[in-house]
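Residue strings, one per chain:
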Amino acid sequence: MVFDFDEVLDRRGTDSVKWDGLKEFFGREDLLSMWVADMDFRTPPCVIKAIQERLDRGVLGYTIPNDKWYYAFICWQQKHHDWEVNAWEMMHMPGIVRGLAFALQCFTEVGDRVLVIPPVYHPFFLVPEKNHRKVVYSSLIIDEQDEIQLDFEQLERDMQDCKVFILCNPHNPGGRVWTREELLRIAEICERNNVLVLSDEIHCDLTLPPYKHIPFASVNQWTREHTITFMAPSKTFNMPGISTSICVIQNPTLWEQFHTYMEASELEMGNVFSYTSAAAAYSEGEEWLLQLKAYLLENIDFTQAFLKEHLPMVSMVRPQASYLIFLDFQKLGWSQEMLTRVVLEDAHLALNDGTMFGQRGEGFLRLNVGCPKSVLNKALHQLADAIYKKLNI
Ligand SMILES: Cc1ncc(COP(=O)(O)O)c(C=O)c1O
């Protein structure tokens, strides 16, 4: 079956954050929405069908995880990431950000130090801050070639006295896929400092060829015993509205501790669509995902070629995973305030401000290319026109 990613969908009127939230978040509605990380594509037919069949049973009662859910996830990990997971190591999570918050509440105390490496997905520091933990900001380097590198010396210094490190694997923004060598070095630093790692791997199944995702927990015995891994079908199969994700803990003591915490408030329970939709995605969604990734690669190539030809003063961090492009406007020499104003008021685009991911995001905006090519083309032309107008060219 060939899936149609060119279809332009009207998502307004579906209470979508990305489209119906424009007024609230950007103060106006006349924008092309290229921000929130969900895609303007239909969710795969296999997922819709599974939900439909569940609906057709006519009763929306309480739901327990089913065998198919365990089996589909375990087989997927084995096949796609060479990672052996057992059913008793899994736990349902009603969302990854929530999972990070629960893990912080369970494994740390108020005032404990939590390390993050910005620019990074903003809840990584907002969640610990709002939970009164002390956030330690280490730095990620975005070099002259717009390539993302880790600063291991700084990481080593900053990790001291930290209780938890929140790793984004692959990294958002920027879509960097960490190599085995990099993960090993991170692991060594974490081990030396006895730090618990929360590894958010939500973007892992969108890793684009030729890159390969490596689950942090699979790197060595130490990471296996000291990592809480969060994964989900949500980004991959465009179904984040269902709020279903999975936590894997391979250390039985940590699993028990977290489960006791979660169970106390029934936080680990999924909703009526959680297990059935996730199982359908992992067991029947592979072909859809293959075609999606090919389409995303074309959109990334298209954006890169467009910038080179029409907007050489804007460059990009080329994502190795996922559909979020970190655009680099530093050569324009504009303030962040001017940059965001031009993009909003003249280009009529809703993009994420790079600074929302931390200080190092200055000079950047994040563009979501999980959309039909025609929409991307329109957005890039609007961006180019607005910049040239501002430059009086
Ligand atoms: C790295 C990362 N983690 C988590 C999330 C959100 O996950 P959830 O909706 O399951 O909380 C996102 C969404 O963009 C993300 O990029």
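If you're wondering where the values come from, they're calculated on a predicted model, not measured in any experiment. (Residues numbered from 1 in each chain as written. Predicted model: local features only at pLDDT ≥ 70, side-chain atom pairs only at ≥ 80, totals over all residues. Heavy atoms only, no water.)

Student: When you look at the site of the ligand in this model, what are you seeing that I'm missing?
Tutor: Taken together, the neighbourhood of the ligand is formed by Ala-37, Gly-95, Ile-96, Val-97, Tyr-121, Cys-168, Asn-172, Asp-200, Ile-202, His-203 and Lys-235. Here an oxygen atom of the ligand and a backbone polar atom of Ile-96 are 2.7 Å apart. Taking Lys-235, its side chain carries an N or O atom lying 2.8 Å from an oxygen atom of the ligand. In this structure the site holding the ligand corresponds to the largest pocket. Counted by class, the shell around the ligand contains 6 nonpolar, 3 polar and 2 charged residues. (Near = heavy atom within 4 Å. Polar contact = N/O pair within 3.5 Å; in protein donor to acceptor, adjacent residues only side chain to side chain. 1 Å grid on protein atoms, 1.4 Å probe; cavity = no way out; pocket = protein on both sides within 12 Å on 5 of 7 lines; lining within 4 Å. Sits in = over half its atoms within 2 Å of the grid points. Nonpolar A, V, L, I, M, F, W, Y, C, P; charged D, E, K, R; others polar.)

Student: Hey, could you run me through empty space enclosed by the protein in this one?
Tutor: In this approach the atoms are scanned with a rolling probe the size of a water molecule, which exposes any empty space left behind. For the coordinates displayed, the defined rule picks out 1 cavity of 30 Å³ or more. By volume, the largest cavity is sized at about 30 Å³. Around the largest cavity, the lining residues are His-171, Asn-172, Pro-173, Gly-174, Gly-175, His-203, Ala-321, Ser-322 and Leu-324. Class assignment of the residues belonging to the lining of the largest cavity gives a composition of 3 nonpolar, 6 polar and no charged. Here the lining of the largest cavity spans two domains, and each of domain 1 (17-44 + 286-390) and domain 2 (59-284) adds at least three residues to it. (Points joined across faces, edges and corners; volume = space filled by probe spheres on them. Domains from an automatic or database assignment.)

Student: How do you make sense of the packing of helix α4 (residues 67-81) against helix α11 (residues 274-284) when you look at a structure like this?
Tutor: Helix-helix packing is characterised by the crossing angle of the two axes and by the distance between the axes. In the contact formed by α4 and α11, the axes pass within 8 Å of each other and the chain directions differ by 35°. Here the hand of the crossing between α4 and α11 comes out left-handed. Only Tyr-275, Ala-278, Ala-279, Ala-281, Tyr-282, Ser-283 and Glu-284 of α11 make contact with α4, whose side of the interface consists of Lys-68, Trp-69, Ala-72, Phe-73 and Trp-76. Split into classes, the residues belonging to the contact of α4 with α11 amount to 9 nonpolar, 1 polar and 2 charged. (Axes fitted to C-alpha atoms, helices over the stretch in contact; angles between N-to-C directions. Helix = DSSP H or I, 4+ residues; strand = E, 2+ residues; numbered from the N terminus. Left-handed = near helix turned anticlockwise from the far one by under 90°. Contact = heavy atoms within 4.5 Å.)

Student: Honestly, the side chain of His-213 in this entry has me stumped. Any pointers?
Tutor: In this structure, His-213 sits in the loop between β8 (196-200) and α9 (221-226). Polar side-chain contacts of His-213 include one of 2.8 Å to the side chain of Glu-201. Beyond its immediate sequence surroundings of up to four residues, His-213 is in contact with His-81, Asn-169, Pro-170, Val-177, Glu-201, Cys-204, Thr-207 and Met-231.

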